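Notes for the structure review
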Amino acid sequence: RGLGDVYKRQGQRVASWCIPGGSVPQVTKAVGALVKDTKCSRLQVVAHVGVNDATYRGSEDILDSFKDLSAEVKRVSEVEGVDLALSICSLVPRIDRGPLVWSRVEGINQRLRRFCKDIGASFVDLRPAIQSCRNPLDRSGVHYTTESARCVASRIFEHCRRFLG
């Protein structure tokens, strides 16, 4: 939500795909199908997922899912002959599940940053963008407000700008 508007304002031709409330395994399964029909020779895969996972899955399981996503991106890149670059966004803490989930999310983010460095992927820290918003989450404590969606979209766009040429 909000990312398409930022791209339009910047005059960029991009395609985005979203699984509302999606999990890391769902995105992993979808990578191959998304790339298969493209005519592009270079793609940037930006994974902005995992927050919902943190409420019901263990940290190790979530990190293993990101490892699977990385392996799938590499596999699809080789099979399809497309240069795929992976970026993983930080998980943004939800406020509807209390401090335990908040703490788990912070620990996962620290480990995701190291993981990205180890595999040569980019880590996109969205937390400063969210913290700059007066009201980052709506009343549900889960979803971005319009303001924070724009902040997140702008942060992701700035990260991707170097890939867009």
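Going by the structure above, here's the rest.
Here goes a summary of the coordinates provided. (Residues numbered from 1 in each chain as written. Predicted model: local features only at pLDDT ≥ 70, side-chain atom pairs only at ≥ 80, totals over all residues. Heavy atoms only, no water.)

Another point: the environment of Phe-163. Structurally, the position occupied by Phe-163 is in helix H6 (residues 146-164). When its relative accessible area of 22% is taken as the criterion, Phe-163 is described as partly exposed. Put simply, Phe-163 and Ala-85 are 78 residues apart on the chain and 9.0 Å apart in space, counted from C-alpha to C-alpha. Those residues in contact with Phe-163, other than ones at most four positions away along the chain, are Arg-42, Gln-44 and Ala-85. (Helix = DSSP H or I, 4+ residues; strand = E, 2+ residues; numbered from the N terminus. Buried < 20%, exposed > 50% of the residue type's maximum accessible area, 1.4 Å probe, protein only. Contact = heavy atoms within 4.5 Å.)

Among the 7 residues in strand S2 (residues 83-89), 5 count as buried, and that is most of the element. Direction of pairing for strand S1 (residues 42-47) relative to S2: parallel, over a ladder of 6 bridges. Each bridged residue has a counterpart across the sheet, and for Val-46 the counterpart in S2 is Ser-87. In this view, the connection linking S1 to its parallel neighbour S2 by way of helix H3 (residues 59-80) has right-handed handedness. (Pairing = 2+ DSSP bridges. Right-handed = clockwise from strand over helix to strand, strands pointing away.)

For the rest of this paragraph, the subject is the environment of Cys-133. Topologically, Cys-133 is positioned in the loop between helix H5 (127-131) and H6. For the pair Cys-133 and Ser-148, spaced 15 residues apart in the sequence, the C-alpha separation amounts to 5.9 Å. Filtering out sequence-adjacent residues up to four positions away, Cys-133 remains in contact with Glu-147, Ser-148 and Cys-151.

Moving on, we come to the pattern of salt bridges. On inspection of all chains with the given rule, the structure shows 8 salt bridges. The shortest N-O distance in the salt bridge between Asp-61 and Arg-57 comes to 2.8 Å. Since its relative accessible area comes to 39%, Asp-61 is described here as partly exposed. Note that Arg-127 and Asp-125 form a salt bridge whose closest N and O atoms lie 2.8 Å from each other. (Salt bridge = Lys/Arg side-chain N within 4 Å of Asp/Glu carboxyl O.)

Summed over all chains, the structure comprises 0 disulfides. No disulfide involves Cys-89; its sulfur sits 7.9 Å from that of Cys-160, the nearest cysteine. (Disulfide = S-S within 2.5 Å.)

Within the fold, Arg-57 resides in the loop between S1 and H3. Filtering out sequence-adjacent residues up to four positions away, Arg-57 remains in contact with Pro-25, Ile-62, Ser-65 and Arg-104.

Across the interface, helix H2 (residues 24-36) lies against H3 with an axial gap of 9 Å and an inter-helix angle of 10°. Considering their axes alone, H2 and H3 lie roughly parallel with respect to each other. Between H2, through Val-24, Pro-25, Val-27, Thr-28, Val-31, Gly-32, Val-35 and Lys-36, and H3, the contact on the second element is made entirely by Ser-65, Phe-66, Asp-68, Leu-69, Glu-72, Val-73, Val-76 and Glu-80. In terms of residue class, the contact of H2 with H3 is made up of 9 nonpolar, 3 polar and 4 charged. (Axes fitted to C-alpha atoms, helices over the stretch in contact; angles between N-to-C directions. Parallel < 35°, antiparallel > 145°, perpendicular 65-115°, else oblique. Nonpolar A, V, L, I, M, F, W, Y, C, P; charged D, E, K, R; others polar.)

Attention now goes to the sheet that holds strand S3 (residues 122-124). The parallel open sheet is built from 3 strands, whose spatial order is S1-S2-S3. Both outer strands of the open sheet, S1 and S3, are each paired with one neighbouring strand and no more. Each strand of the sheet is rotated relative to its neighbour by a mean of 25°, with strand direction disregarded. Pairing between S2 and S3: 3 bridges, direction parallel. Bridge pairing in S3 links Ser-87 to Ser-122. Packing of H3 onto the sheet brings it into contact with S1 and S2, and relative to S2 it is tilted by some 165°.

Function cannot be inferred from these measures alone, as they are strictly geometric.
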